[in-house]
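Residues per chain, in single letters:
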Amino acid sequence: MSHTITGRTWVIGDSVDTDALYPGFAMRLPVPEAATHVLYDLRPGWSAQVRPGDILVAGRNFGIGSSRQVAALLRHLGITALVAEDFNSLFHRNAINHGLPAVTVPGVSNLVTEGDVITLDLEAGLLRKADTELAFSPVPPMMLEILDAGGLLPRLVAAGYLADPSGKG
């Protein structure tokens, strides 16, 4: 699997919590319907504008709050990666566990504006926008394996640690 991701950006600010990302009333809805409510209060109509391959860029403290399964909704919408100045650690791990790359890139808020096209090289630890690059910590091989598998549970199934829930393996 390629560890290079190129996409159009959506930019949100600092301290976006999981309540804003995934409102409580949507938690009882099936994923496709719940996904229509992502960023419901901050960016009405945003979920209808997202295209497959888009990248969500945030500031500091992204994903603070509860451990709501936002990554599954973002993946359903077509978001292919998350980039932030920094993440809440639980949110970051949930993203990886759901197969959604999430990288901390210091200085990203000063470089990227909404609608820019950026490229992330997860192995090299580089974000590129036109002729400008920002370095970040490369994604460790173990996390790349999880991302390549589509998340932690599929990785554990592929490694033989869990039974295939579909009954195919």
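The present account deals with the structure reproduced in this document. (Residues numbered from 1 in each chain as written. Predicted model: local features only at pLDDT ≥ 70, side-chain atom pairs only at ≥ 80, totals over all residues. Heavy atoms only, no water.)

The next point concerns the packing of aromatic side chains. For the coordinates displayed, the defined rule picks out five aromatic pairs. Pairing Phe 62 with Phe 91 gives two aromatic rings, centres 5.0 Å apart and planes at 80 degrees, and the pair type is edge-to-face. Of the two residues, Phe 62 sits in the loop between strand E2 (55-58) and helix H4 (70-77) while Phe 91 sits in helix H5 (residues 89-97), which places them 29 residues apart along the sequence. Each member of the pair Phe 62 and Phe 91 is classed as buried. Considering the side-chain rings of Phe 87 and Phe 91, the 6.3 Å spacing of their centres and the 10 degrees angle between planes classify their relative orientation as stacked. (Phe/Tyr/Trp six-rings, centres within 6.5 Å; stacked < 30°, edge-to-face > 60°. Helix = DSSP H or I, 4+ residues; strand = E, 2+ residues; numbered from the N terminus. Buried < 20%, exposed > 50% of the residue type's maximum accessible area, 1.4 Å probe, protein only.)

The next point concerns unusual backbone geometry. What you tend to see is this: most non-glycine residues have negative phi, and most peptide bonds are trans. Unlike most non-glycine residues, Asn 61 shows phi in positive territory, near 60 degrees. Counting through the fold element by element, Asn 61 comes out in the loop between E2 and H4. Phi is positive for Ala 130, which is not a glycine, with a value near 55 degrees. Looking at Ala 130, the relative accessible area reads 76%, which means it is exposed.

A few words now on a nonpolar patch on the surface. Together, Leu 153, Tyr 161 and Leu 162 make up an exposed nonpolar region whose accessible area comes to about 360 Å². Tracing the backbone shows Leu 153 in helix H8 (residues 152-158). With relative accessibility at 54%, the residue Leu 153 sits in the exposed group. (Patch = residues over 30% accessible without salt bridge, like charges linked within 9 Å, V, L, I, M, F, W, Y side chains within 5 Å. Areas by Shrake-Rupley, 256 points an atom, 1.4 Å probe, with all protein chains shown as cover. Salt bridge = Lys/Arg side-chain N within 4 Å of Asp/Glu carboxyl O.)

The seven strands lie next to each other as E4-E3-E2-E1-E5-E6-E7, forming an open sheet whose pairing is mixed. Strands at the two margins of the open sheet, each flanked by one partner only, are strand E4 (102-104) and strand E7 (132-135). Strand-to-strand twist in this sheet, taken as the mean axis angle between neighbours without regard to direction, amounts to 30 degrees. As paired elements, strand E1 (residues 4-11) and strand E5 (residues 117-121) share five bridges and run antiparallel to each other. (Pairing = 2+ DSSP bridges. Axes fitted to C-alpha atoms, helices over the stretch in contact; angles between N-to-C directions.)

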